[in-house]
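Next come the chains, spelled out residue by residue.
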Amino acid sequence: MANFFPRWTNWLPLKLAICGFVLICGLTGATWYYVTPKYTKVGYEPIQPVPFPHDIHVSQLGMDCRYCHSFVEVAAHSNLPNTQTCMNCHTQVQKDNPKLEPIRASWKTGKPVEWVQIHRTPDYVFYNHSAHVNRGISCFSCHGEINHMGTVYHAKPHSMAWCLECHRHPENFLRPQEEVFNLDWKPEDVKPNEFIAKYGTPHDVDPGDWAEKKKLTQQEIGQTLKEKWNVLPPTNCQGCHR
Ligand code: HEC
Ligand code: HEC
Ligand code: HEC
Ligand code: HEC
Ligand code: HEC
């Protein structure tokens, strides 16, 4: 009897096994790449030369972000403080704390402290801090509760979809300009009368209707500011990929 199956089929099980193996490796790799924190970045918390506590300096001592991140309002890039900024206080305060040794060493040698950068957009993305913080977008919306962090971690995805979520609906995030650096701000803190006197209401709302209210929602506040300031974040590709 002639061989019903051609000779090459002898290798079929092996070929199938290899295909299966390659497929599984591919899927594992893709899951690894897309799902683990390194890719989504959320939770990334590198070990810093000094475990700098934002909670102590901001929430306990009441320091403003701009004391250290002094360019955040005026430049695309938000700088980190230099050693002198720390030593303004730490020549006096906690001057024997071993945690501060790298700062003292840097002060002696003049070599800057090598902080590990946590947030980073790829080079093909255009990003500008001042364009955001001068338009009523708080550090909180993009970095989370920094003022309560013992050490900084990556709190938000910073993916393209995430940027666009706000660019399509900035009213969900806009707040009065004077609250941008107050990371604990809540929409309930706004007094409707004062807010309306300063910013008005959206075109389709009678100010009298809101004056009665005890509280305004984020959407009501955001919509008012969006119209008042004519906020229109780019959603076209060239807006962010220049
Ligand atoms: C006393 C100085 C000081 C103050 C005040 C301060 N920071 Fe920082 N900040 C630092 C230092 C030092 C680092 C670098 C070490 C680190 O990442 O923990 C840093 C890091 C950061 C980072 C992460 C940077 C990166 O690598 O991506 C963010 C975001 C940040 N600060 C936001 C804020 C915000 C928001 C405020 C105000 C609520 C604030 N900081 C107030 C000193 C300060
Ligand atoms: C305005 C003054 C001031 C500046 C500027 C300042 N600090 Fe401090 N820092 C303090 C005070 C006050 C304490 C002590 C707080 C306490 O004991 O509760 C402190 C505590 C610390 C501690 C000890 C925390 C612990 O748990 O032991 C570290 C670390 C530290 N600061 C790092 C820094 C670094 C790094 C910078 C510069 C980026 C800086 N500080 C800038 C005032 C300052
Ligand atoms: C609209 C979102 C957004 C807002 C609002 C925002 N940031 Fe950022 N921040 C980013 C992104 C994105 C990066 C990474 C930028 C890069 O790669 O250069 C970043 C980076 C940083 C860094 C690290 C800079 C470096 O090169 O090490 C610091 C510090 C920082 N932000 C502080 C702040 C402070 C303080 C505020 C509030 C005053 C703030 N940011 C508001 C999105 C934001
Ligand atoms: C929480 C809200 C929010 C998030 C998140 C956000 N943006 Fe924006 N973006 C805005 C607002 C508001 C403006 C100002 C629009 C205006 O001035 O009309 C803006 C403006 C811009 C502009 C135009 C600036 C200029 O100088 O022309 C760019 C580019 C931009 N954003 C990039 C990004 C990128 C990239 C990300 C993500 C890493 C991002 N944004 C995340 C709200 C946001
Ligand atoms: C609001 C800002 C913004 C706009 C508008 C935007 N992008 Fe992006 N894009 C980003 C950011 C931020 C990243 C980097 C994401 C990351 O690092 O995970 C990115 C990444 C990408 C990538 C790399 C692929 C990837 O997933 O890493 C491509 C391709 C891309 N964008 C294409 C586009 C196209 C096409 C458009 C227009 C339809 C567009 N983008 C509009 C912010 C934007």
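Up top is the structure.
Residues numbered from 1 in each chain as written. Chains lettered and ligands numbered in written order. Predicted model: local features only at pLDDT ≥ 70, side-chain atom pairs only at ≥ 80, totals over all residues.

### Let's talk about the overall build of the protein chain
When its secondary structure is counted, the protein chain shows 13 helices and 0 strands. From first element to last, N terminus to C terminus, the protein chain shows the α and β order α-α-α-α-α-α-α-α-α-α-α-α-α. With 242 residues in all, the protein chain has 15% of them scored as buried. A fraction of 71% describes how many contacts in the protein chain between residues 6 or more apart in sequence connect residues 24 or more apart. (Helix = DSSP H or I, 4+ residues; strand = E, 2+ residues; numbered from the N terminus. Buried ≥ 20, exposed ≤ 12 C-beta atoms within 10 Å, placed from the backbone. Contact = placed C-beta atoms within 7 Å.)

### Focus: helix H12 (residues 218-229)
Its 12 residues place the ends of H12 16 Å apart at the C-alpha level, agreeing with the 16 Å of an ideal helix rising 1.5 Å per residue. Along H12, the residues classified as buried are Glu220, Ile221, Gly222, Gln223, Thr224, Leu225 and Lys226. Where H12 is buried, its residues meet helix H10 (192-199). Following H12 by one or two positions, asparagine 230 has its phi on the positive side, about 55°. (Expected span 1.5 Å × (residues − 1).)

### Observations concerning the site of ligand 5
Inspection of the region around ligand 5 gives 14 residues, with Ser159, Met160, Cys163, Cys237 and Cys240 positioned closest. Of all elements in the fold, only helix H9 (160-168) and helix H13 (237-240) reach the threshold of two or more residues within the shell around ligand 5. Considering every element that reaches the shell around ligand 5, the biggest residue donor is H9, with 4 residues. (Near = placed C-beta within 6 Å.)

### So, the site of ligand 1
Among the 23 residues in the neighbourhood of ligand 1, the closest are listed as Cys65, Cys68, Ile118, His119 and Cys139. For the shell around ligand 1, the secondary structure elements donating two or more residues are helix H3 (54-60), helix H4 (65-68) and helix H8 (139-143). Of the residues in the shell around ligand 1, the class split is 14 nonpolar, 9 polar and no charged. (Nonpolar A, V, L, I, M, F, W, Y, C, P; charged D, E, K, R; others polar.)

### Digging into unusual backbone geometry
Unusually for a residue other than glycine, histidine 158 sits at a positive phi of about 55°. Inspection of the secondary structure puts histidine 158 in the loop between H8 and H9. Classification of histidine 158 by C-beta neighbours within 10 Å gives partly exposed; the count is 18.

### Observations regarding the environment of histidine 69
For histidine 69, the location among the structural elements is in the loop between H4 and helix H5 (83-90). Residue histidine 69 is classed as partly exposed on the basis of its 18 C-beta neighbours within 10 Å. A sequence separation of 11 residues divides histidine 69 from leucine 80, and the C-alpha atoms of the two residues are 5.6 Å apart. Those residues in contact with histidine 69 that lie beyond four places of it in its chain are Ser78 and Asn79.

### Examining the packing of H5 against helix H6 (residues 101-109)
Between H5 and H6, the least distance of the axes is 10 Å, while the angle of their chain directions is 115°. With respect to each other, H5 and H6 are oriented roughly perpendicular. Our pair here, H5 against H6, has a crossing hand that is left-handed. Here Thr83, Cys86, Met87 and His90 of H5 come into contact with H6, specifically with Ile103, Ser106 and Trp107. (Axes fitted to C-alpha atoms, helices over the stretch in contact; angles between N-to-C directions. Parallel < 35°, antiparallel > 145°, perpendicular 65-115°, else oblique. Left-handed = near helix turned anticlockwise from the far one by under 90°.)

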